[in-house]
Amino acid sequence: MLWHGSYGSSQCQCSTPQALKLRETSPRPEATQYQLIEDVEDLDRYRQGGYHPLRIGDALNRYSTTWLAQDLQRPRYVALKVITADASGSTNEATIIRSLQELSDKLGKEIVPPLLDEFWVSGPNGKHRCVVTPPARMSLFDAKESSKFGLFQPKVAQSMIAQLIRGVTFLHSQDTVHGDIHLGNILVQFPKAIDELSTPELYQRYGEPESEAVVRIDNKALSSSVPAQVFFAAWFGIRSDDLALGEEKIILSDFGESFNPHRSPRYSSKTFPLLQPPETRFSDEPLSFASD
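Sequence order as written defines the numbering, with residues in each chain counted from 1. In view of the model being predicted, local features appear only for residues whose pLDDT reaches at least 70, and side-chain atom pairs are presented and counted only at 80 or more, with totals across whole chains, interfaces and linings using the full set of residues. Each side-chain value is worked out from all heavy atoms of the structure, with water and hydrogens disregarded.

1. Here we look at the overall build of the protein
- When you go through the protein residue by residue, the secondary structure sums to six helices and 13 strands.
- On the protein, roughly 15,100 Å² of surface is accessible, and the fraction owed to carbon and sulfur atoms is 51%. A run of DSSP states H or I qualifies as a helix once it reaches four residues; a run of E qualifies as a strand once it reaches two. Both are numbered from the N-terminal end. The Shrake-Rupley method, run with a 1.4 Å probe, gives the accessible areas here. Residue values count only the displayed protein chains as cover.

2. As for helix H4 (residues 154-173)
- One less than the residue count of a helix, multiplied by 1.5 Å, gives the span that helix is expected to have. With 20 residues, H4 extends 29 Å from end C-alpha to end C-alpha; this agrees with the ideal 28 Å at 1.5 Å per step.
- Taken from the residues just after H4, aspartate 175 is the one with a positive phi, measuring 60 degrees.

3. A word on the side chain of glutamate 93
- Here glutamate 93 is to be found in helix H2 (residues 93-101).
- Whenever two N or O atoms come within 3.5 Å, that pair is a polar contact, provided that in protein one can donate a hydrogen and the other can accept it, and provided that, for residues adjacent in sequence, both atoms are side-chain atoms. In terms of polar contacts, glutamate 93 uses its side chain to reach the side chain of lysine 81, at 3.1 Å.
- Contact between two residues is taken to exist if any of their heavy atoms lie within 4.5 Å; hydrogens are not considered. Beyond its immediate sequence surroundings of up to four residues, glutamate 93 is in contact with Lys81, Ile83, Asp254, Phe255 and Gly256.

4. Topic: empty space enclosed by the protein
- Using only the protein atoms, space was sampled on a 1 Å grid; points where a 1.4 Å probe fits but cannot get out form cavities, open sets with protein on both sides within 12 Å along at least five of seven lines form pockets, and lining residues are those with an atom within 4 Å of a point. Grid points are joined across faces, edges and corners, and a volume is the space filled by probe spheres set on the points. One pass over the full model with this rule turns up one cavity of 30 Å³ or more.
- Roughly 30 Å³ of volume is contained in the largest cavity.
- Around the largest cavity sit Gly179, Glu257, Phe259, Arg266, Ser268, Ser269, Lys270 and Leu287, which together line it.
- For the lining of the largest cavity, the class distribution of residues is two nonpolar, three polar and three charged. Asp, Glu, Lys and Arg are counted as charged, while Ala, Val, Leu, Ile, Met, Phe, Trp, Tyr, Cys and Pro are counted as nonpolar; the rest, among them Gly, fall into the polar class.

5. Comments concerning the side chain of glutamine 163
- You can see glutamine 163 is positioned in helix H4.
- Burial classes: relative accessible area under 20% of the type maximum marks a residue as buried, over 50% as exposed, and values in between as partly exposed (1.4 Å probe, protein chains only). Residue classification places glutamine 163 among the buried positions, given a relative accessible area of 11%.
- A distance of 3.1 Å separates a polar atom in the side chain of glutamine 163 from the backbone oxygen of glutamate 248.
- Residue contacts for glutamine 163: discarding those within four places in its chain leaves Ile111, Glu248, Lys249 and Ile250.

6. Points about the nonpolar core
- In this structure, Leu100, Val112, Phe152, Met160, Leu171, Leu243 and Phe255 are the most contacted members of the largest nonpolar core, which totals 24 residues.
- For this core, the secondary-structure elements that each account for two or more residues are H2, helix H3 (140-145), H4, strand E10 (186-189) and strand E13 (250-252).
- For methionine 160, the residues in contact, after removing those within four places along its chain, are Leu140, Phe152, Leu243, Glu248 and Ile250.
- Each nonpolar core is a collection of buried residues, namely Ala, Val, Leu, Ile, Met, Phe, Trp, Tyr and Cys, held together in the definition by side-chain atoms within 4.5 Å. Val40, Leu43, Tyr51 and Val230 belong to the second largest nonpolar core, which has nine residues in total.

7. A word on the packing of aromatic side chains
- The pairing test for Phe, Tyr and Trp rings, Trp by its six-membered ring, is centres within 6.5 Å, and the orientation test on the planes gives stacked under 30 degrees, edge-to-face over 60, and tilted for anything in between. The final tally for this structure, using the stated rule, is two aromatic pairs.
- Pairing tyrosine 206 with phenylalanine 236 gives two aromatic rings, centres 5.0 Å apart and planes at 75 degrees, and the pair type is edge-to-face. One end of the pair, tyrosine 206, is in helix H5 (residues 199-206); the other, phenylalanine 236, is in the loop between strand E12 (229-231) and E13, and 30 residues separate them in sequence.
- The class for tyrosine 206 is partly exposed, based on a relative accessible area of 26%.
- Phenylalanine 236 sits in the buried class, given a relative accessible area of 3%.
- What links up through ring pairs into an aromatic cluster is the set Phe190, Tyr206 and Phe236.
- Should the NZ of a Lys or the CZ of an Arg lie within 6 Å of a ring centre and within 35 degrees of the ring normal, that charge is described as sitting over the ring. The aromatic ring of tryptophan 120 is capped on one face by lysine 127, whose charged end is 5.5 Å from the ring centroid.

8. Here we look at unusual backbone geometry
- Residue asparagine 219 is not a glycine yet carries a positive backbone phi of 65 degrees.
- Examined against the element boundaries, asparagine 219 turns out to sit in the loop between strand E11 (211-213) and E12.
- Assessed through its relative accessible area of 61%, asparagine 219 is described here as exposed.
- At aspartate 254, a position not held by glycine, the phi torsion is positive, near 60 degrees.
- Position of aspartate 254 relative to the elements: it lies in the loop between E13 and helix H6 (279-282).

In structure tokens:
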């Protein structure tokens, strides 16, 4: 199902869902209310202050609510990130990306994704900030997970390491700590050829979206805060060992935890516990650039 419409200043055509990891800050009930569906988002987060119920083909206030959309004013695909309602008012992700992109060209700046648009949508679970950026092919984590040995070709790995070092150096030179660097937030960019595909061609190459109905454990009717069906994340990537030199251009995602340590001291980290910097556990000092 397709919907032709517009969001922000860009007219777009919705096509297929793409995996997005939203910050889970809304309270979770003690017991689940829904039958288990593996490999999708936490269904109990569809509540006041939580996720916005997204469906392919939806139109809300002239905005597309799918994860991947095709811009009809320019021949390109874009990624749409819808932030949970309770985090939308406090996140400064779009502001940070915009401020970094407005700087003159500097080595390492290319690791910051351009902000294409930003807007708000209202739904049954609150008001949600939406951030539009270029879509990514896959994360390094997913590329490794899809491979038998989880390794990259040596030259490819060296190139990505160099890009990451330059990118983090650029962020720190602008008094910005990313705050959540891990393999899931380091993304491989799509080849430009993706923009030449029509929606049917996109489906033919990567497969049509797959979904499953949401069912309450007590078999009661779903409320308007929960989607009738959830979509499995589309896979656009390749295995890590198949990534060739020339295809390894990376970008950093999820600037929702980024901060300026001089202006906003921070003493805790919200990244995965095993990846948190040691100073969050063994020091009373605020986090510094070294925490990246």
